[in-house]
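Overview (structure and organization)
Single-letter residue listing:
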Amino acid sequence: MEPPYHPPVKRSVQIEGHKTSISLEPIFWDMLVEAADSEGIAINALVARIDEERIRSDTPPGLASAVRVWLVSQ
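Here's a quick rundown of the structure. Bear in mind that the values here come from a model prediction, so they are computed numbers and not experimental data.

Before going further, it helps to examine the overall build of the chain. Helix and strand content of the chain: three helices and two strands. A compact globule built from 74 residues should have a C-alpha radius of gyration of about 11 Å, and the chain, at 12 Å, falls within 12% of that. The C-alpha extent of the chain, read off along each of the three principal axes, is 40 × 30 × 25 Å. Burial statistics for the chain: of 74 residues in total, 28% are counted as buried. Within the chain, contacts between residues at least 6 apart in sequence are counted, and of these 36% link residues at least 24 apart. Carbon together with sulfur atoms contributes 53% to the accessible area of the chain, which is approximately 5,100 Å² in total. One way to put it: in the chain the 7 positive side-chain charges average out to a point 6 Å from where the 11 negative ones average out.

Listed below in structure tokens is the structure:
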């Protein structure tokens, strides 16, 4: 098995009609795909939901950080 270390990969997502890009390590992209599939929703919809939660936070982190934290806290 190869080590999971890899530089972040930038991909575009759309949140409320606006395109943005997120840089995540491949293992987090894989986890995000699995989470979206398990909920039966698109990746964009899941990222939008995470973004809404992030914005409501007292000290909102960056979107990529919020996605990582959301994924490992599930």
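This next bit is on the pairing of strand E2 (residues 18–24). The side chains of a regular strand alternate between both faces of the sheet. Note that strand E1 (residues 9–15) and E2 share seven bridges and pair antiparallel. The residue of E2 that forms the bridge with lysine 10 is serine 23.

Next up on the list: the nonpolar core. Core analysis: the largest hydrophobic core is formed by 19 residues, its most contacted members being Ile22, Leu24 and Leu32. Going through the elements one at a time, E1, E2, helix H1 (26–39), helix H2 (43–56) and helix H3 (63–72) are the ones with two or more residues in this core. Of the residues forming this core, the biggest block, six residues, is contributed by H3. Those residues in contact with isoleucine 22, other than ones at most four positions away along the chain, are Val9, Lys10, Arg11, Val13, Trp29, Val47, Leu63 and Ala64.

This next bit is on the environment of alanine 48. Counting through the fold element by element, alanine 48 comes out in helix H2. For alanine 48, a relative accessible area of 14% gives the class buried.

Right, let's talk about the packing of H2 against H3 for a bit. Where H2 contacts H3, the axes come no closer than 10 Å and their chain directions differ by 105 degrees. On the basis of their axis angle, the class for H2 and H3 is roughly perpendicular. Together, Leu46, Val47, Arg49, Ile50, Asp51, Glu53 and Arg54 of H2 and Leu63, Ala66, Val67 and Trp70 of H3 make up the contact between the two elements. Tallied by class, residues from the contact of H2 with H3 come to seven nonpolar, no polar and four charged.

Once that is clear, we can look at H1. Relative to the 20 Å expected for 14 residues at 1.5 Å per residue, H1 spans 20 Å between its end C-alpha atoms, a close match to the ideal helical length. Looking at the buried residues of H1, the elements they touch are E1, E2, H2 and H3.

Cut-offs and rules
- Residues numbered from 1 in each chain as written.
- Predicted model: local features only at pLDDT ≥ 70, side-chain atom pairs only at ≥ 80, totals over all residues.
- Heavy atoms only, no water.
- Helix = DSSP H or I, 4+ residues; strand = E, 2+ residues; numbered from the N terminus.
- Rg over C-alpha atoms; globule rule 2.2 N^0.38 Å.
- Buried < 20%, exposed > 50% of the residue type's maximum accessible area, 1.4 Å probe, protein only.
- Contact = heavy atoms within 4.5 Å.
- Areas by Shrake-Rupley, 256 points an atom, 1.4 Å probe, with all protein chains shown as cover.
- Lys, Arg positive; Asp, Glu negative; His and termini not counted.
- Charge placed at Lys NZ, Arg CZ, Asp CG, Glu CD.
- Pairing = 2+ DSSP bridges.
- Core = buried A, V, L, I, M, F, W, Y, C linked by side-chain atoms within 4.5 Å.
- Axes fitted to C-alpha atoms, helices over the stretch in contact; angles between N-to-C directions.
- Parallel < 35°, antiparallel > 145°, perpendicular 65-115°, else oblique.
- Nonpolar A, V, L, I, M, F, W, Y, C, P; charged D, E, K, R; others polar.
- Expected span 1.5 Å × (residues − 1).

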